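Residue strings, one per chain:
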Amino acid sequence: VPELERENPWPSRWTFEHAARALWHDAGTLYPELPTGNGFCMYIRRAVVDEVGGLDEAAFPHGYGEENDFCQRASAKGYRHLIAGNVYVRHERSASFGHERRAKLGDAGMAVLRERWPDYERDVGATLFSFERRVLDWRVRRIFASAVTHEPRMRVLVAGDSADHREEWRLVMHDERVDLWRGEHIVVSHASDHSGANADPTSLDDRLSRWLQAHAFDAIVAVGKYPVELRDVAECVGIPFAEIASGEDIHRCAERAIASARTFKDGSR
């Protein structure tokens, strides 16, 4: 992404971290659907493997086609495959076998796929250039073009009744309302009144989940009193959360939250 079947370097002025953060912030949460995932990076639910089985190493002994076959079997069971366009993964194309051998293995794998799944290529053709896919490509091109003048920074949500007004993003509690601020303006609010003509049928945890994902926060720092639902919602959607310690500044607290959420504690791994 964004150019199909080509190597796509990130902008020369950015590090990989810059590129990944920029897409996380601005690529949006429209997830195009395809008939298959891409084997270099796939997130598969355990329940799918339990129902569908694993990759077919006998039919695809060297790779190239095994994930496509797996995804077709999953589709036959009613599962869908989505592109997480706001997640950036570094991958060196054809590094395992080289371009020439990769092409030969791809041809061999495609022969098996055509025999097992006659509609596979038709389905790929119908979705690969779908409106949703092309929108994602356009967004990535636009984001990368912004590297000329823009360097992505960590997006931290400061939550609580003592939230520092100098911070760009704040979640502020009131008696009957929770407001999400950006700068000097309220982006969206949630009222806790669930009765009467102005009742809000959406629970606060549902609202918080949508806000946190839609605005792509890197971390949440709690300062003072914050909504009791926030910690659990942050954990559910995978956003690092920490309460600020005495004498600790907001960005150091955010870095501590992110470090505690990493699978590998050693950043060199």
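In what follows, the structure referred to is the one given above.
Here the residue numbers are simple positions, counted from 1 along each chain's written sequence. Only residues with pLDDT of at least 70 get local features here, since the model is predicted, and only at 80 or more are side-chain atom pairs given and counted; chain-wide, interface and lining totals rely on the full set of residues. Note that the side-chain values use all heavy atoms of the structure and ignore hydrogens as well as water.

Caption draft 1: Local environment of the sheet that holds strand 3 (residues 156-159). Taking strand neighbours across the sheet as the criterion, the six strands line up as 6-5-4-3-7-8 in an open arrangement whose pairing is mixed. Of all the strands in the sheet, just strand 6 (185-191) and strand 8 (241-243) have a single pairing partner and so form its edges. Within the sheet, the average angular offset between the axes of one strand and its neighbour, ignoring direction, is 20°. Inspection of the sheet shows strand 3 paired to strand 4 (residues 169-173) by three bridges, in the parallel sense. Its bridge partner being in strand 4, V158 is matched across the sheet by R170. Contacts were defined at the residue level, with two residues in contact if any of their heavy atoms lie within 4.5 Å. Convention adopted: a line fitted to C-alpha atoms gives each axis, helices being fitted over their contacting stretch, and angles between N-to-C directions are expressed from 0 to 180 degrees. Each helix corresponds to a stretch of at least 4 residues labelled H or I by DSSP, and each strand to a stretch of at least 2 residues labelled E; elements are numbered beginning at the N terminus. Each of strand 3, strand 4, strand 5 (177-182), strand 6 and strand 7 (219-222) touches helix 7 (residues 204-214); the most contacted strand, strand 6, lies at about 155° to it. One requirement defines pairing of two strands: DSSP has to find at least two bridges between them.

Caption draft 2: Representation of the packing of aromatic side chains within the structure. Aromatic pairs are defined between Phe, Tyr and Trp rings, using the six-membered ring for Trp, whenever the two ring centres lie within 6.5 Å; interplanar angles under 30 degrees are classed as stacked, those over 60 as edge-to-face, and all others as tilted. Counted under the stated rule, the structure contains seven aromatic pairs. Taken together, a centroid distance of 5.6 Å and an interplanar angle of 20° make the contact between F16 and Y88 stacked. Highlighted residues: F16 in helix 1 (residues 16-26) and Y88 in the loop between strand 2 (81-82) and helix 4 (98-116), separated in sequence by 72 residues. For every residue, the accessible area (1.4 Å probe, protein chains only) is compared with the maximum for its type, and the residue is labelled buried under 20%, exposed over 50%, or partly exposed between those bounds. Since its relative accessible area comes to 29%, F16 is described here as partly exposed. Judged by centre distance (6.0 Å) and plane angle (80°), the rings of Y88 and F144 are edge-to-face. Taken as a pair, Y88 in the loop between strand 2 and helix 4 and F144 in helix 6 (residues 131-145) lie far apart in primary sequence, 56 residues in all. For the residue pair Y88 and F144, the accessibility class agrees, reading buried in each case. Site record: aromatic cluster; members linked through ring pairs are W10, W14, F16, Y88 and F144.

Caption draft 3: Focus on the pairing of strand 7. The side-chain alternation of strand 7 yields two buried faces, one formed by A219 and V221 and the other by I220 and A222. Judged from the three bridges that link them, strand 7 and strand 8 form a sheet pairing that is parallel. Residue pairing for strand 8: I220 is matched across the bridge by F241.

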